[in-house]
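So you can see what is in the structure, the chains are spelled out below.
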Amino acid sequence: MKIIPSDKIEILTTLSNQEVRKILTENIRPKKGLKIGFNKSQEKELFEGNFEQDRFEMQRIITGRNSFLPQIKGQIQPNINGTKLVADLKVHTFVIIFMIFWLTFDGFAFIMGIIGVINQGTNPFLLIFPLIMIGFGIGLVNYGFNSQKDKSISDLKRIINGQIKEKTFANTV
């Protein structure tokens, strides 16, 4: 499990670059401001963000809020039998900064707790609280990101009629 989750994907499709551009343009709306309410949007777009030339930055449109929603940043590239869409899925920068502060504060509390146990004989049981907060923070980010990552990837694959390029690892022995 990563402390701050991210993923890199490549989706291959037999569609031409122009067809993929048209599909992405039709399925990405500009980002809107804060929405109030829980009504499902009647709009046809699946993503919000921007698409310029062959580069895009977008996120899936969902009902409700999820601060850990994957931010998809990528580009379309020509490929031998069609088009390749290369994208990085990451957590929003604000969330990363917030989690750095969260984990730094909890790590500092844990270290201070260890110093208290060693120097002042504080009850070692109290060290469990900072560890629980660190685990909760990491778990929350990973759950929020991973719960939407697969949905974002499958929506992207579906609209461009593509397949994920399987990751291959070189033998390092």
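Structure first, text after, so check above.
Summarised in this report is the structure supplied together with it. Per chain, the residues get numbers from 1 upward, laid out in the order the sequence is written. Per-residue local features are limited, in this predicted model, to residues with pLDDT of at least 70; the limit for side-chain atom pairs, both in listing and counting, is 80 or more; totals at the level of whole chains, interfaces and linings are taken over all residues. Calculation of side-chain values draws on the structure's entire complement of heavy atoms; hydrogens and water are dropped beforehand.

### Notes on the layout of surface pockets
Working step 1: Here the second largest pocket is characterised by a volume of approximately 250 Å³.
Working step 2: Here the term cavity refers to a set of points on a 1 Å grid, laid over the protein atoms alone, in which a 1.4 Å probe fits but cannot get out; the term pocket refers to an open set having protein on both sides within 12 Å along at least five of seven lines, with lining residues being those that place an atom within 4 Å of a point. Around the second largest pocket, the lining comprises 14 residues; the ones closest to its centre are E57, M58, Q71, I72 and K73.
Working step 3: Listed by contribution, the elements that provide at least two residues to the lining of the second largest pocket are β3 (47–52), β4 (55–60), β5 (71–79) and β6 (82–90). Grid points are joined across faces, edges and corners, and a volume is the space filled by probe spheres set on the points. We count a stretch as a helix when DSSP gives it H or I for four or more residues in a row; a strand needs E for two or more, and each element gets its number in order from the N terminus.

### Regarding the side chain of D106
Working step 1: Take D106: it is sitting in helix α2 (residues 93–120).
Working step 2: Buried charged residue D106 carries no salt bridge. Nearest counter-charge: R65, at 21 Å.
Working step 3: Side chain to side chain, D106 and W102 meet in a polar contact 2.9 Å long.
Working step 4: In this structure, D106 is in contact with P130, M133 and I134, ignoring residues within four places of it in sequence. When a residue's accessible area, from a 1.4 Å probe over protein chains only, is under 20% of the maximum for its type it is buried; when over 50% it is exposed; and in between it is partly exposed. The convention is simple: Lys and Arg are positive, Asp and Glu are negative, and His and the chain ends are not counted. One side-chain nitrogen of Lys or Arg within 4 Å of one carboxyl oxygen of Asp or Glu is enough to make a salt bridge. Between N or O atoms, a polar contact is any pair within 3.5 Å; within protein, one atom must be a potential hydrogen donor and the other a potential acceptor, and residues adjacent in sequence are included only when both atoms are from side chains. Note on contacts: a residue pair qualifies if any of its non-hydrogen atoms lie within 4.5 Å across the two residues.

### Notes on the packing of aromatic side chains
Working step 1: Side-chain rings of Phe, Tyr and Trp, where Trp is taken by its six-membered ring, are said to pair if the distance between their centres is within 6.5 Å; with planes under 30 degrees apart they count as stacked, over 60 as edge-to-face, and otherwise as tilted. Applying the stated criterion to the full structure yields 3 aromatic pairs.
Working step 2: Taking 6.4 Å as the distance between ring centres and 35° as the angle between the ring planes, the aromatic pair formed by W102 and F136 counts as tilted. Residue W102 is located in helix α2, and its partner F136 is located in helix α3 (residues 128–160); the two are separated by 34 residues in the primary sequence.
Working step 3: The exposure class assigned to W102 is partly exposed, which follows from its relative accessible area of 22%.
Working step 4: You can call F136 partly exposed: its relative accessible area is 46%.
Working step 5: Ring plane angle 85° and centroid distance 6.1 Å describe the contact between F125 and F129, whose orientation is recorded as edge-to-face.
Working step 6: For F129, a relative accessible area of 47% translates into the label partly exposed.

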